[in-house]
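# Descriptive structure summary
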Amino acid sequence: MTDPIAPPSTDDFTLATQVEPDGDGRYVATIPDGWQQGRGAFGGLVLGALARAMLHAEPDAARALRSLSGEIVGPVLPGAADIAVKALRRGNAVSTWEAWLSQGPELLARASAVMGLARSSDRDGTEAPPPSMGAPWESVDVIPIGPPMGPHFARMYEFRSTGPQPFSGAERSEASGWVRLRKPVALGVPELIGLMDSWWPATFARELSPRPMATVAFTLQMLADPASLDPAQPLHYRAWAAASRQGFVVEKRELWTPQAELVAMNQQTFVIIK
């Protein structure tokens with residue numbers, strides 16, 4: 001059973017991932033209480049803060065974030081965190097950035113991002129088959145998730161699962177449903193990182209009881225302009241485990257609009273702790 005903690009200091013994801021410039025490529029983030037997954041803040045919040053710092057450092061606002069990859073190597077605790085940002089290269093139309101988050105002497109997370117200007121193309125389109133969304137999202141029941149069976153941060157999200165349900169002994173490692181923040185905020189890249197990371201691992205569908213797992217690698221590709229999305233509308237989530245070997249699981253995730261537009265794709269590597 002999770003130890004009790006103080007009430008959340010904010011339920012606003014945008015405020016929770018704010019960063020303040022501290023000169024010479026450095027930023028300060030204040031990790032709020034209430035967003036934990038275990039001891040540390042959940043990965044979507046940490047990676048969202050790193051993405052926000054890199055987006056702020058990029059001088060050309062027209063260069064949208066196209067891809068982000070990162071790792072969280074230790075628990076990021078509530079309180080102040082330092083973020084260092086560096087441009088690895090800024091070309092004529094593409095920028096590559098890297099960011100590191102630390103608390104005290106410990107490096108706890110890193111991320112890299114590729115940002116690029118929009119280009120004219122005759123290859124636009126989505127070849128991935130859209131999910132079967134079934135009944136309208138309003139008719140799908142909300143699953144209450146939170147302590148002691150679920151992580152603290154899950155209280156900040158609204159989950160409407162269309163199955164298979166976690167710990168149901170399903171034949172396949174899959175997950176699908178609708179997700180949105182309980183407190184609507186304007187959607188940007190950091191908010192979409194959080195939405196993508198909020199859902200439980202797809203392998204939970206095959207389990208009969210909770211099993212500790214942790215993300216060791218995270219890669220996200222942005223395929224839609226976040227500003228075009230209605231924050232009051234949930235996004236459709238689809239995930240499946242592609243393979244599992246020697247205690248590590250590779251999982252594929254997607255977010256779609258209700259109109260079947262692909263918003264983002266994600267690959268995560270999980271380690272099964274026990």
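Refer to the structure above for everything that follows.
The following paragraphs examine the structure supplied in this document. (Residues numbered from 1 in each chain as written. Predicted model: local features only at pLDDT ≥ 70, side-chain atom pairs only at ≥ 80, totals over all residues. Heavy atoms only, no water.)

## Overview of the layout of surface pockets
In this structure, the second largest pocket occupies an estimated 370 Å³ of space. Top contributing element to the lining of the second largest pocket by residue count: strand β5 (residues 64–72), with three residues. Among the residues forming the lining of the second largest pocket, the class breakdown is eleven nonpolar, one polar and five charged. (1 Å grid on protein atoms, 1.4 Å probe; cavity = no way out; pocket = protein on both sides within 12 Å on 5 of 7 lines; lining within 4 Å. Points joined across faces, edges and corners; volume = space filled by probe spheres on them. Helix = DSSP H or I, 4+ residues; strand = E, 2+ residues; numbered from the N terminus. Nonpolar A, V, L, I, M, F, W, Y, C, P; charged D, E, K, R; others polar.)

## Topic: the side chain of R110
In this structure, R110 sits in strand β8 (residues 106–116). A polar contact is formed between the side chain of R110 and the side chain of E71, at a distance of 2.5 Å. A distance of 3.3 Å separates the side chain of R110 from the side chain of S112, its partner in a polar contact. Ignoring anything within four residues of it in the chain, the contact list for R110 reads L47, L50, S69, G70, E71, E98, A99 and W100. (Polar contact = N/O pair within 3.5 Å; in protein donor to acceptor, adjacent residues only side chain to side chain. Contact = heavy atoms within 4.5 Å.)

## A closer look at the packing of aromatic side chains
A complete count under the given rule lists twelve aromatic pairs for this structure. Both rings, one in W35 and one in Y157, keep their centres 6.4 Å apart while their planes meet at 85 degrees; by these two values the pair is edge-to-face. You can see W35 sitting in the loop between β2 (26–31) and β3 (36–37) and its partner Y157 sitting in strand β9 (residues 157–161), a full 122 residues away along the chain. Residue W35 is classed as buried on the basis of its relative accessible area, which comes to 0%. With centroids separated by 4.0 Å and ring planes inclined at 5 degrees, the aromatic side chains of F42 and F153 adopt a geometry described as stacked. One end of the pair, F42, is in the loop between β4 (40–41) and α2 (43–57); the other, F153, is in the loop between β8 and β9, and 111 residues separate them in sequence. An identical accessibility class is assigned to F42 and F153; each is buried. Through a chain of ring-to-ring contacts, the aromatic side chains of F13, W35, F42, F153, Y157, F159, W199, W200 and Y237 assemble into a single cluster. (Phe/Tyr/Trp six-rings, centres within 6.5 Å; stacked < 30°, edge-to-face > 60°. Buried < 20%, exposed > 50% of the residue type's maximum accessible area, 1.4 Å probe, protein only.)

## Things to note about the environment of Y237
Mapping Y237 onto the fold places it in strand β12 (residues 235–245). Separated by 20 residues in sequence, Y237 and T257 have C-alpha atoms that sit 9.1 Å apart. Other than its neighbours up to four places away in sequence, Y237 contacts A175, S176, G177, V179, M196, W199, W200, E251, R253, E254 and L255. Here R253 takes part through its side chain, which lies 2.9 Å from a polar atom of the side chain of Y237.

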